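Understanding the architecture of this molecule
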Amino acid sequence: MSGTLYLCGTPIGNLEDISFRVIELLKTVDLIAAEDTRHTLHLLNHFQINTTMTSYHEHNKQSKGLQLLEKLKQNSNIALVTDAGMPGISDPGADLIKLCYKNDIPVTVVPGASACIVALVLSGLDTRRFVFEGFLPSDKKERRIILESLSKEHRTMILYEAPHRLLHTLEELSEVLEEDRTVVIMKELTKKFEQRKKDTLKGHIQYYMQNTPKGEFVLAIDGFSLAQQKKEAQQQYQTISMEEHMANYLSQGLSKKEAIKQIAKDRGVSKREIYAYYYKK
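These remarks concern the structure in this document. (Residues numbered from 1 in each chain as written. Predicted model: local features only at pLDDT ≥ 70, side-chain atom pairs only at ≥ 80, totals over all residues. Heavy atoms only, no water.)

Describing the side chain of threonine 82
Filter applied, for reference: Strands are runs of DSSP state E lasting at least two residues, helices are runs of H or I lasting at least four, and both sets are numbered from the N terminus onward. The classification of residues rests on relative accessible area computed with a 1.4 Å probe and restricted to protein chains. Under 20% of the type maximum is buried, over 50% is exposed, and intermediate values are partly exposed. By the criterion applied in these results, polar contacts are pairs of N or O atoms within 3.5 Å in which, for protein atoms, one can donate a hydrogen and the other can accept it, and in which residues neighboring in sequence qualify only through two side-chain atoms. Any two residues whose heavy atoms approach within 4.5 Å are treated as being in contact.
Positionally, threonine 82 belongs in the loop between strand E4 (78-81) and helix H4 (93-102). What makes threonine 82 buried here is its relative accessible area of 6%. Separated by 3.0 Å, the side chains of threonine 82 and aspartate 91 make a polar contact. Excluding residues within four positions of it along the chain, threonine 82 makes contact with Thr10, Glu35, Pro87 and Asp91.

As for the sheet that holds strand E8 (residues 182-187)
Definition in use: Here, strands pair whenever DSSP counts at least two bridges between them. Angles here are taken between N-to-C directions and fall from 0 to 180 degrees, while the axes themselves are lines fitted to C-alpha atoms, restricted in helices to the stretch in contact.
Overall, mixed pairing links the five strands, which are arranged E6-E7-E10-E8-E9 in an open sheet. The two strands at the open ends of the sheet, each matched to only one other strand, are strand E6 (130-135) and strand E9 (195-200). Pairs of neighbouring strands in the sheet enclose a mean axial angle of 20°, with direction left out of account. Note: E6 against strand E7 (residues 156-161), five bridges, orientation parallel. Across the sheet, phenylalanine 130 pairs through a bridge with threonine 156, a residue of E7. Strands E6, E7, E8, E9 and strand E10 (217-221) of the sheet are contacted by helix H5 (residues 115-123), whose axis makes an angle of about 125° with E7.

Considering the environment of alanine 220
Checked against the element boundaries, alanine 220 lands in strand E10. Sequence separation of alanine 220 and arginine 129 is 91 residues, and the distance between their C-alpha atoms is 12 Å. Here alanine 220 is in contact with Ser123, Leu125, Met157, Ile158, Thr182, Val183, Val184 and Met186, once residues within four sequence places are set aside.

Regarding unusual backbone geometry
Located in the positive-phi region is asparagine 75, a residue other than glycine, with phi close to 80°. Note on placement: asparagine 75 falls in the loop between helix H3 (61-73) and E4. The phi dihedral of aspartate 104 falls on the positive side, at around 60°, and the residue is not glycine. Here aspartate 104 lies in the loop between H4 and strand E5 (107-110). Residue classification places aspartate 104 among the exposed positions, given a relative accessible area of 68%.

Overview of the sheet that holds E5
Strand order in the open sheet made by the five strands is E3-E2-E4-E1-E5, with parallel pairing throughout. Only two strands of the sheet have a single neighbouring strand rather than two, namely strand E3 (53-55) and E5. With strand direction ignored, the average angle separating the axes of adjacent strands in the sheet is 25°. Bridging between strand E2 (residues 31-34) and E3 involves three bridges; their strand directions are parallel. What sits directly across from alanine 33, in E3, is threonine 54.

Interpretation note: all reported values are geometric properties and have no functional meaning in isolation.
Encoded structure:
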């Protein structure tokens, strides 16, 4: 019989956002694996939790992951915590989770706050469909590919960014998105001086060129509108003649009647207008 790995959500700013269940679990597990033990010690002291801690972070995840796995196999229960939010989201916890599943170690979640979800609902943008990108990759080629893939993304996009890279990231986004795209930039989430700034991409760039970014940021970017996509498609069809448009559909095996219907849809006009053009003589 083995122990269990508990994925514990911790506050993203306000310490009072921790759940009673997480507090109790952190008191009773055999070991707490923390991304930054100094940071987590502040949380543990606040709630008078004396459980032994060990570090588990990006730079030791290979060796420490194997050590934690052995402890779990020996029936130790371990709580995994990140500096803020849910472990496994934009941190090395995801590697430990995979390692446990690979070795049939039970894993469960003790939910808590997540900056991604908090920012999404606070942004005021569409919440029905969204995509979480986390921190963009540092590799220039991979980063460019992802940025370009976001150019026609219809869902609300959530990104994390560090202060020293914020302006550069905004400038990169302006190369693939329209300058008037709505972006909501948030920081100090759940804290006393929580900030939410809504503006166009161009407006944010101008602001941060004059104001040095400070703090950890979450960006919520409005998705590419379906209406805009339809408008751009219709404009593209204006670059070919009606005759070319008709010939294209006839070559695909459509009847003239079917082609006229599709051409009207493509160009955003009534079928009557297309009929009038082709039968004007």
